[in-house]
Structures are given as structure tokens and as C-alpha cells.
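Now for the letters of each chain:
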Amino acid sequence: EEEIPEDHPRYQDLITRHRIENGVEKGITHLQGMHAEGRGSAFDYLLGEETIPSADAAERVAAAHLLLAEQPVLSINGNVAALVPGEMVALADAVDADLEVNLFNRTPERIEAIAEHLREHGAEDVKGLTADARIPNLDHQRAKVDADGIYAADVVVVPLEDGDRAEALQEMEKTEIVIDLNPLSRSPQVAEVPIVDNIIRAVPNMTVHAEELATASEDELRAIIEEFDRERALEAAEERIRNGV
Ligand code: ATP
Ligand code: MG
């Protein structure tokens, strides 16, 4: 990361790409994660590489949901672990959530490598290694979750999630918060709270909102949630991408 001059106009994007490359080298990120990153990077370019106001509002709503939750869980895949490991640990601390490794291309080696990577970034307890429950209506490999983790969670944050699993989680009637730069992708389309923003900006901002809302009453948190219009948030993101406004 030191080799890229900070005043380079594509600095953040280059850093992001390097982190994914390092993730692949370390056995944390699947090679397919590079394609996902490329798609995300194109959408971010069109969004202006900034957190648009509707995304900031969604990040605040997500923080409110997480603070009200009985059992919130943050799902971690190979791209998330490579890009924002410490930031996910900080968010989990701010809202008292669990972290669970949840992979599309699941191997015991990658699960363990990601869990270890999260521990190196301050995580105490990492779920996803037991995998003793299944999400209904999904093929066996992708359905694996922890019984006392995602399976039992009332609120789940699933960044960069695959569309099938996002739909299956929605059918389980969980409050689903999706972070995804493509507002047309199925995952944000089915989410209760779609956050169309780069995970690199979204997660620290959710933590800032959570810290600000830490002393808010349950009624105040519910009011923030009530006000949110998911359709409008998706439309605002699409409008920015298509028309730049
Ligand atoms: P589908 O429409 O079936 O969901 P997809 O094109 O979304 O397919 P996936 O590989 O399942 O493909 O998902 C990758 C998603 O992650 C893309 O929508 C991409 O925009 C998003 N993404 C990639 N990098 C980031 C990032 N840094 N922050 C937020 N979203 C990202
Ligand atoms: Mg998708």
C-alpha cells in the first residue's frame, strides 16, 4: 500500500484492489472475489466514489436496527475480510453484535484463515466454524450457518452477499441489511435496508451513527426506522448512477 502515492486520483480504488489481491494471496479471498471487486469499482465510479445522502440515511437506519436488535450478526466473506476486518470488529463492538464467517465458496482452510485474520484485528469470538444449522431453501454448501449465529439472528448485516442467499435469509423473516454498490443486484433489491455504498465507507459510517445513537431511546430508534423508505433509497442510488444527480 505504501507504493501508491496518496495524491494519486485513483488512490482509494487502487488501495482497494491491492487489499483484494493480498486477500487472495493470503488464502482469505477467493479468486472470484476479484471479479466482484471489479464490478463494485465500476458502480462506485458512477456514484462519484462518495457516500450519497440516501446511503448515509440508510447507514443510520441500519445502526438503529442493530442497536434495537436482540441478536445482531455481521456476516463476513472473503472480500469483507480483506477490505474492512478492523472496521467490522469495531462495528460489532459498537452495537454488541457477533461476527460470523459465511462463504460462498466454503472450504475449512478459508474459514479458519478468515477467522484468524479477524482475531488479528481484535475479534474475540468468531462464529461460522461450527456450521450446525442450515438456511432453508438453499443448496447444502451455501446454506451452512451457526445455530447460535446467523440462524438465530433477528438482524443480519450481509455485505456483498449473493442474491440467492439474500433471498433465502429474507424468507426467514430476518431484518436484512445489505451493503452493495449495485442497486439493481438482487441482494439490495430484497433487503429491508439496502445500503448502496462502498463497504470501505459504509462500515465506519455505520459505527459513527451507532455511537451517536447509543444514548437514543427505543422510541427514537423506532422513529428513525419508520421514516426510512427502501424503494426511495434504491431509486436515489439508481438516479445518481444513471443521471449523476
Ligand atoms: P447478482 O445480480 O446475482 O447478485 P452480482 O453481479 O451482484 O450478481 P456477485 O459476485 O454476487 O455478483 O456480487 C458482487 C456484488 O458486490 C456486486 O453487486 C458488487 O457491486 C458488490 N461489491 C463489490 N465490491 C464492493 C464494495 N467494495 N462495496 C460494496 N459493494 C461491493
Ligand atoms: Mg449481487
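This text goes with the structure placed above it.
Residues numbered from 1 in each chain as written. Chains lettered and ligands numbered in written order. Predicted model: local features only at pLDDT ≥ 70, side-chain atom pairs only at ≥ 80, totals over all residues. Heavy atoms only, no water.

## A closer look at the packing of helix H3 (residues 53-68) against helix H10 (residues 199-212)
For clarity, the threshold we go by: Only the contacting stretch of a helix is used when fitting its axis, a line to C-alpha atoms as for every element, and angles between N-to-C directions run 0 to 180 degrees. Runs of H or I in DSSP of at least four residues are treated as helices and runs of E of at least two as strands, each being numbered from the N terminus. The cut-offs work like this: below 35 degrees is roughly parallel, past 145 is roughly antiparallel, 65 to 115 is roughly perpendicular, and the gaps in between are oblique. Should the near helix be turned anticlockwise from the far one by less than a right angle, the crossing is termed left-handed; should it be turned clockwise, right-handed. Any two residues whose heavy atoms approach within 4.5 Å at even a single point are treated as in contact. Throughout, the ten residues Ala, Val, Leu, Ile, Met, Phe, Trp, Tyr, Cys and Pro are labelled nonpolar, Asp, Glu, Lys and Arg are labelled charged, and all others, Gly among them, are labelled polar.
Viewed as axis vectors pointing N to C, H3 and H10 meet at an angle of 55°, and their least axial separation amounts to 8 Å. When the interaxial angle is binned, H3 and H10 end up oblique. As H3 packs across H10, the resulting crossing turns out to be right-handed. Together, Asp56, Glu59, Arg60, Ala62, Ala63, Leu66 and Leu67 of H3 and Ala202, Asn205, Met206, His209, Ala210 and Glu212 of H10 make up the contact between the two elements. Considering only residue class, the contact of H3 with H10 consists of 7 nonpolar, 2 polar and 4 charged.

## Points about the pairing of strand E2 (residues 98-101)
Quick reminder of the rule: Strand pairing is assigned whenever DSSP detects at least two bridges linking the two strands. Look down the strands so they point away from you; if going from the first strand over the helix to the second traces a clockwise path, that crossover is right-handed.
By the bridge criterion, 4 bridges tie strand E1 (residues 72-76) to E2 in an arrangement that is parallel. Bridging from a neighbouring strand, Val73 pairs with Asp98 of E2. Relative to strand E3 (residues 126-127), E2 runs parallel, the two sharing 2 bridges. Looking at the pairing, Glu100 lines up with Lys127 of E3. With helix H6 (residues 108-120) bridging E2 and the parallel E3, this β-α-β connection has right-handed handedness.

Any link to function would need more than the numbers given here.
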